[in-house]
Amino acid sequence: MKTTGITLLIGIGSEARGDDAAGLEVARLLSANPPPGWRIEQATGEATDLIMRWVGAERVIVVDAAQADWPAGTIVRLDGLRAVLPAQTRQTSTHATGLATAVRLARALGLLPSELVLLAVCGECWCLGTGLSPAVAAATRHLAARLTGGEFPAAAHAWPDRPADGPRPTGSGL
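Residues numbered from 1 in each chain as written. Predicted model: local features only at pLDDT ≥ 70, side-chain atom pairs only at ≥ 80, totals over all residues. Heavy atoms only, no water.

Section: the pairing of strand β5 (residues 115-122)
- In terms of burial, β5 is a largely internal element, 7 of the 8 residues being buried.
- Relative to β5, strand β3 (residues 59-67) is paired through 8 bridges, and the arrangement is parallel. Directly across from Val62, in β5, lies its bridge partner Leu118.
- The pairing of strand β4 (residues 75-79) with β5 spans 5 bridges and is classified as antiparallel. Within β5, the position partnered with Asp79 by the bridge is Val117. (Buried < 20%, exposed > 50% of the residue type's maximum accessible area, 1.4 Å probe, protein only. Helix = DSSP H or I, 4+ residues; strand = E, 2+ residues; numbered from the N terminus. Pairing = 2+ DSSP bridges.)

If you want it as structure tokens, here you go:
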């Protein structure tokens, strides 16, 4: 597969589910001033849609919200090529099939990008019809500012905002 050399950032989530819109907000913020060589997109998080978006991209960053035992606003970085992502169900995810399914399917089909970084913003409110909680709104602005500088969270290094140890994200999003 021929790659384009671009960095693709996909913000995923649902506007109608409170903090689940974190990935969409990061994508919106970056769209105003994308780093050179970056393409910014928003998506619902459906598996086949994600795969079709990243086919041909050399580097992909996916930003999503996650339920985890870390405080709201914590940014978690996972190497999408190596991480074992939790299986998703309709009860725990706002995506019918989601990111974990996309990664497993793309791996099986040989359609993973050269680099795949998953950034999750830990949320606290998944209520219908609410906006981002204050902690998640602040985290999305912080993350977008770092990415606007062209900072690519390399898979070989820990993302500085990620706690060194602790539980992995579960439930909604990642």
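Let's talk about helix α4 (residues 134-148)
- For α4, with 15 residues, the first-to-last C-alpha span of 21 Å sits near the 21 Å given by 1.5 Å per residue.
- Of all the positions in α4, only Val136, Ala137, Ala139, Thr140, Leu143, Ala144, Arg146 and Leu147 are classed as buried.
- Against the buried residues of α4 lie β1 (7-12), α1 (22-31), β2 (38-43), β3, β4 and β5. (Expected span 1.5 Å × (residues − 1). Contact = heavy atoms within 4.5 Å.)

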